[in-house]
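# Structural overview for review
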Amino acid sequence: MIGRLNHVAIAVPDLEAASAQYRTMLGADVGPPQDEPDHGVTVVFITLPNTKIELLYPLGAGSPIHGFLAKNPAGGIHHICYEVDDLLAARDHLLAEGARVLGDGAPKIGAHGKPVLFLHPKDFNGCLIELEQV
Ligand SMILES: C[C@@H](C(=O)O)C(=O)SCCNC(=O)CCNC(=O)[C@H](O)C(C)(C)COP(=O)(O)OP(=O)(O)OC[C@H]1O[C@@H](n2cnc3c(N)ncnc32)[C@H](O)[C@@H]1OP(=O)(O)O
Ligand SMILES: [Co+2]
């Protein structure tokens with residue numbers, strides 16, 4: 001069911017510093033900050049030859065990454081995103097298997113303009129999973 005790795009997301013305490021570090025120290029192709037108010041985050045995408053890195057910074061008081069950054073003040077890997085062909089079929093399969101789909105179960109439009117869903121980290125070995133329909 002899951003296909004390619006779309007991105008690995010890293011929550012960071014300073015988006016500008018992290019962007020500059022990837023650009024100058026690691027020599028990466030770093031995009032501009034992009035506010036995602038529906039998701040409560042500002043994101044910066046870094047394009048690698050085989051996948052993307054998503055730097056995450058909280059946006060607004062209700063950001064879902066506030067708790068994570070409080071527990072990990074230096075930042076840390078926040079989620080990984082796998083591509084799927086049919087997000088609703090994937091969701092229904094996962095629910096039938098007993099996995100928890102976060103939020104109300106309805107896909108939201110993600111940072112790439114495609115529908116996304118998140119799966120509870122406690123159901124997947126401590127790793128928050130995002131599924132993106134491609
Ligand atoms: C723009 C878009 C895109 O790419 O298109 C994005 O990625 S938006 C990316 C941001 N959006 C999201 O993350 C949406 C889905 N996320 C959520 O709904 C939330 O962040 C939850 C995953 C439910 C966590 O919420 P919250 O931190 O309030 O819950 P909590 O403190 O009660 O945490 C429950 C337990 O899960 C752990 N926990 C929390 N966040 C975690 C993470 N990212 N990875 C692994 N474990 C995590 C906590 O340490 C805690 O474990 P212990 O009990 O053992 O201490
Ligand atoms: Co993401």
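Residues numbered from 1 in each chain as written. Chains lettered and ligands numbered in written order. Predicted model: local features only at pLDDT ≥ 70, side-chain atom pairs only at ≥ 80, totals over all residues. Heavy atoms only, no water.

For the record, the criterion: UniProt positions are given in the numbering used here, feature names are shortened, and annotations may be inferred rather than shown by experiment.
An unreviewed UniProt entry annotates the protein as Methylmalonyl-CoA epimerase of Yoonia phaeophyticola. Turning to the protein, the UniProt annotation filed under Sequence similarities (unreviewed entry) states: "Belongs to the methylmalonyl-CoA epimerase family."

## Description of the nonpolar core
Selection rule: Take the buried Ala, Val, Leu, Ile, Met, Phe, Trp, Tyr and Cys residues and link them wherever side-chain atoms come within 4.5 Å; each set so joined is a nonpolar core. Three labels apply to residues, based on accessible area from a 1.4 Å probe with only protein chains included: buried if under 20% of the type maximum, exposed if over 50%, partly exposed otherwise in between. Counting from the N terminus, the helices are the DSSP runs of H or I reaching at least four residues and the strands are the DSSP runs of E reaching at least two. Note on definitions: a residue-residue contact is assigned when non-hydrogen atoms from the two residues lie within 4.5 Å.
Ranked by internal contacts, the top residues of the largest apolar core, which has 13 residues, are Ile-10, Val-12, Tyr-22, Val-30, Ile-46, Ile-53 and Leu-55. Breaking this core down by element, the ones donating at least two residues are β1 (5-11), α1 (15-25), β4 (41-47) and β5 (52-58). Counting residues per element, this core draws most heavily on α1, which supplies three residues. If sequence neighbours within four positions are ignored, Val-30 has contacts with Ser-19, Tyr-22, Arg-23, Val-44, Phe-45 and Ile-46. Judged by nonpolar contacts, the second largest core, of ten residues, contains Val-84, Leu-87, Ala-90 and Leu-131.

## A look at the site of ligand 1
Heads up, the condition is: Any residue with a non-hydrogen atom lying within 4 Å of a molecule or strand is treated as near it. Polar contact criterion, stated in full: a pair of N or O atoms within 3.5 Å, where within protein one must be able to donate a hydrogen and the other to accept it, and residues adjacent in sequence count only if both atoms are side-chain atoms. Note on areas: these come from Shrake-Rupley sampling with a 1.4 Å probe, and a residue is covered only by the protein chains present in the view. Lys, Arg, Asp and Glu make up the charged group, whereas Ala, Val, Leu, Ile, Met, Phe, Trp, Tyr, Cys and Pro make up the nonpolar group; the residues left over, Gly among them, are polar.
Taken together, 18 residues are adjacent to ligand 1, and Glu-54, Lys-71, His-78, Ala-111 and Lys-122 come closest. Within the side chain of Glu-54, a nitrogen or oxygen atom sits 2.5 Å from an oxygen atom of ligand 1. Across the complex, the protein chains shield 69% of the 1,100 Å² of accessible surface that ligand 1 would expose by itself. Counting only elements with at least two residues in the shell around ligand 1, the list comes to α2 (66-71), β6 (76-84) and β9 (128-133). By residue class, the composition of the shell around ligand 1 is eight nonpolar, six polar and four charged.

## Thoughts on the coordination of the cobalt ion (ligand 2)
Rules: Coordination shells were defined by N, O and S atoms within 2.8 Å of each metal, extended to 3.2 Å for Na, K and Ca; water is absent from the atom set, which can make sites look incomplete. The geometry test gives tetrahedral to four donors whose angles all lie between 85 and 135 degrees, gives square planar to four donors and octahedral to six donors whose opposite members are over 155 degrees apart with all other angles between 65 and 115, and gives irregular to the rest.
The protein atoms that coordinate the cobalt ion (ligand 2) are His-7 (NE2), Glu-54 (OE), His-79 (NE2) and Glu-130 (OE), at distances spanning 2.1 to 2.3 Å. What the six donor atoms of the cobalt ion (ligand 2) show is an angle range of 75 to 169 degrees at the metal, which sorts the shape as octahedral. Each donor residue of the cobalt ion (ligand 2) belongs to the same chain, with the gaps between them written as H-x46-E-x24-H-x50-E. Residue Glu-54 is located in strand β5, and its partner His-79 is located in strand β6; the two are separated by 25 residues in the primary sequence. Comparing Glu-54 with His-79, the two get one shared label, buried.

## Points about the side chain of Asn-6
Along the chain, Asn-6 turns up in strand β1. Look at Asn-6 and you get buried, because its relative accessible area is 4%. Of the polar contacts made by the side chain of Asn-6, one reaches the side chain of Glu-83; its length is 2.9 Å. In this structure, Asn-6 is in contact with Thr-51, Lys-52, Cys-81, Tyr-82, Glu-83, His-112 and Glu-132, ignoring residues within four places of it in sequence.

## Considerations on the pairing of β1
Heads up, the rule is: For two strands to pair, DSSP has to find at least two bridges joining them.
With six of its seven residues buried, β1 lies for the most part within the structure. Pairing of β1 with β6 involves six bridges; the strand directions are antiparallel. When the sheet's bridge partners are listed, Ala-9 is paired in β6 with His-79. Pairing of β1 with β5 involves five bridges; the strand directions are parallel. Counted as the bridge partner of Ala-9 is Glu-54 from β5.

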